2 protein chains.
Amino acid sequence: MPSKIDLSEYIIAPHPTREDLSRAVQGWDQTGQPIVTHVVEERPLTIFLNKREIVTAMTIGDYPEYLALGFLRNQGMLALDEEVTAIDFDADIETVVVRTMRETDFEDKLRKKTRTSGCAVGTVFGDMMEGLEGVQLPETEVRSSWLYTLADKINRTPSLYLETGAIHGTVLCKKDRPLVYMEDVGRHNAVDKVAGWMMSERVQAADKILYTTGRLTSEMVIKTAMMGIPVLASRSGFTAWGVEIAQQVGLTLIGRMRGQRFVCLSGNDRLIRDIDPAAIPQEPKKHRRKGAHG
Amino acid sequence: MPSKIDLSEYIIAPHPTREDLSRAVQGWDQTGQPIVTHVVEERPLTIFLNKREIVTAMTIGDYPEYLALGFLRNQGMLALDEEVTAIDFDADIETVVVRTMRETDFEDKLRKKTRTSGCAVGTVFGDMMEGLEGVQLPETEVRSSWLYTLADKINRTPSLYLETGAIHGTVLCKKDRPLVYMEDVGRHNAVDKVAGWMMSERVQAADKILYTTGRLTSEMVIKTAMMGIPVLASRSGFTAWGVEIAQQVGLTLIGRMRGQRFVCLSGNDRLIRDIDPAAIPQEPKKHRRKGAHG
């Protein structure tokens, strides 16, 4: 029997019972019986950098400040050493304004950046690649026993996913300990919220592992590299460009993690297989994420 | 035993063996054994409307013309009766230009639209809601037996998903027959490609059903309504705003379809339960989409 989840390991755990993050909706099941089911909230949040409107994200709405900060950082719009003087969130008008000491002179560049971003297609790229020039991630070792333990803990942690489905999770981990577990309707928001938290708390990235429920696309790999995290692991699959970029920046990329199985397509030399996969139990059916992937 | 899939039912079926859509990559499995695995391609496509650059989408790259046309239509940038004079795709510079008879006068509006779109977060909204004002979808009946048959056929149809994972599918259907099955790394691209095909072929929407592997977010519901399709079904779950918009425009919204189970959260009065769910076999394990949901 798996042990009970120790939620005290988390610095930030999901909050599946928070009332403003999901809603009870009346519906009907396959037999025509009326039912009440919970569905996740999805609301707009418009992010400003100083005076400039940058983007409107669809989010569940927790941690708007981390989301704004992380989004701007992962887009290369905030330097790592940028002095952020204030982050003002206004719930009524659904906006968050990130203010910096230096007036950002990005104006024209930003316009191009956001215009060429993959709106409506779930990905961003293009100029984002610029931020990666010369990036080489640290040669941090990762143990397969940590990955198995993390996957098991994360799958069993009470979450909005387990309550409502239709949401993605991203977890910042250190060795076999999950630290910060963010969920969001946009899978990139979950990553950006982790990035915003790391920036706020000035957290080291070199000894961390990022675990995501989403696919390992180019954008997910770019964001992880922008955050300086050397290991990215997922239940889901890969895209060819995601693999290419991971190899280029020296990111250890592990996907299709299910029970004892996984595939490593980049940075395999830093992965220490310290446990026999046969010792890992099959994934219990109820912990499987059964929706489409993405 | 389920019968063999009749691919001749499809007007467009997936092409899992097309060489330019996936790539063999060298990797390592959990035991450290070298393996070769297939991963899906992901490449940029920049869409122009006449002289204006609109967006760069990340796509597997099949059907760039349908993607461009459907994207512009679903964004409300092309009226239903807009006369498209040419669609020019240039593979070398990864662009597609949609030309219209009337010079579009959207210029300033478009700039706002794309700037406020949910780049990097997988959703678009805001001005898109404008296109929905006054939309009321036709009162088309849908039978539960069709939905079960469609889900079974679609799950068993050879696809890039079954080959490589990490890809979404959207299928245009009529009664229990799947007609056009599009796949893409961006789940919205798959829908947009269906929309582009419908526009090109001047296909009636009122008698169609749209099936998607992705979540039923606000954006997915808005796109389906923009296409005039009265029924949207998915394996995945719902967001609250997706449900709200579906109720507003009269869309029949069915989610969490797995084996004999499903949930209807909008338009239940048009859903005829003509088969006993107990007669439907459990979903075979190998047809489950096991990644995270997206």
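Scroll up to find the structure this text is about.
Here we summarise the structure given alongside this text.

Scoring rules and cut-offs
Residues numbered from 1 in each chain as written. Chains lettered and ligands numbered in written order. Predicted model: local features only at pLDDT ≥ 70, side-chain atom pairs only at ≥ 80, totals over all residues. Pairing = 2+ DSSP bridges. Helix = DSSP H or I, 4+ residues; strand = E, 2+ residues; numbered from the N terminus. Axes fitted to C-alpha atoms, helices over the stretch in contact; angles between N-to-C directions. Contact = placed C-beta atoms within 7 Å. Core = buried A, V, L, I, M, F, W, Y, C linked by C-beta atoms within 7 Å. Buried ≥ 20, exposed ≤ 12 C-beta atoms within 10 Å, placed from the backbone. Right-handed = clockwise from strand over helix to strand, strands pointing away.

### Considerations on the sheet that holds strand 10 (residues 209-212) of chain A
Backbone-to-backbone hydrogen bonds join strands into a sheet, with any given pair of strands oriented parallel or antiparallel.
Then, number 1: Reading across the sheet, the eight strands line up as 9(A)-8(A)-10(A)-11(A)-12(A)-13(A)-1(B)-2(B) and stay open at both edges, with mixed pairing between neighbours. Pairing within the sheet leaves two strands with one partner each, and these edge strands are strand 9 (177-184) of chain A together with strand 2 (34-40) of chain B. For this sheet the average axis-to-axis angle between neighbouring strands, irrespective of direction, equals 30°.
Then, number 2: The pairing of strand 13 (residues 261-266) of chain A with strand 1 (residues 22-29) of chain B spans two bridges and is classified as antiparallel. Of the residues in strand 1 of chain B, the one forming a bridge with Cys264 of chain A is Trp28 of chain B.
Then, number 3: Sheet strands in contact with helix 3 (residues 144-156) of chain A are strand 8 (168-174), strand 9, strand 10, strand 11 (231-234), strand 12 (252-258) and strand 13 of chain A, and its direction is about 45° off that of strand 9 of chain A.
Then, number 4: Sheet contacts for helix 5 (residues 187-201) of chain A: strand 8, strand 9 and strand 10 of chain A; angle to strand 9 of chain A, the most-contacted strand, approximately 130°.

### With respect to the pairing of strand 3 (residues 43-49) of chain A
Residues and elements named next belong to chain A.
Then, number 1: Pairing geometry for strand 3 and strand 4 (residues 52-59), over seven bridges, is antiparallel. Following the sheet pairing, Thr46 is matched in strand 4 by Thr56.
Then, number 2: Counting the residues that bridge the hairpin from strand 3 to strand 4 gives two residues, and of these Asn50 lies at a positive phi of roughly 50°.
Then, number 3: One ladder, built from four bridges, connects strand 3 with strand 6 (residues 95-100); its direction is parallel. Each residue of the ladder has a partner; that of Ile47, found in strand 6, is Val96.

### So, the nonpolar core
Then, number 1: Leu147, Val221 and Leu253 of chain A together with Leu147, Val221 and Leu253 of chain B are the most contacted members of the largest nonpolar core, which totals 157 residues.
Then, number 2: Setting aside its immediate chain neighbours within four residues, Leu147 of chain A contacts Val142, Ala233, Ile254, Met257 and Phe262 of chain A.

### Concerning the pairing of strand 10 of chain A
Regular strands place their side chains on alternate faces of the sheet.
Residue and element names in this part refer to chain A.
Then, number 1: Side chains Ile209 and Tyr211 project from strand 10 onto one buried face, and the interleaved Leu210 and Thr212 project onto a second face that is buried too.
Then, number 2: Both strand 8 and strand 10 contribute to a ladder of four bridges, which runs antiparallel. Looking at the pairing, Val171 lines up with Tyr211 of strand 10.
Then, number 3: Pairing of strand 10 with strand 11, which is carried by four bridges, proceeds in the parallel orientation. Following the sheet pairing, Tyr211 is matched in strand 11 by Ala233.
Then, number 4: Note on the crossover from strand 10 through helix 6 (residues 218-226) to strand 11: the handedness is right-handed.

Don't take any of this as a statement about function, it's just geometry.
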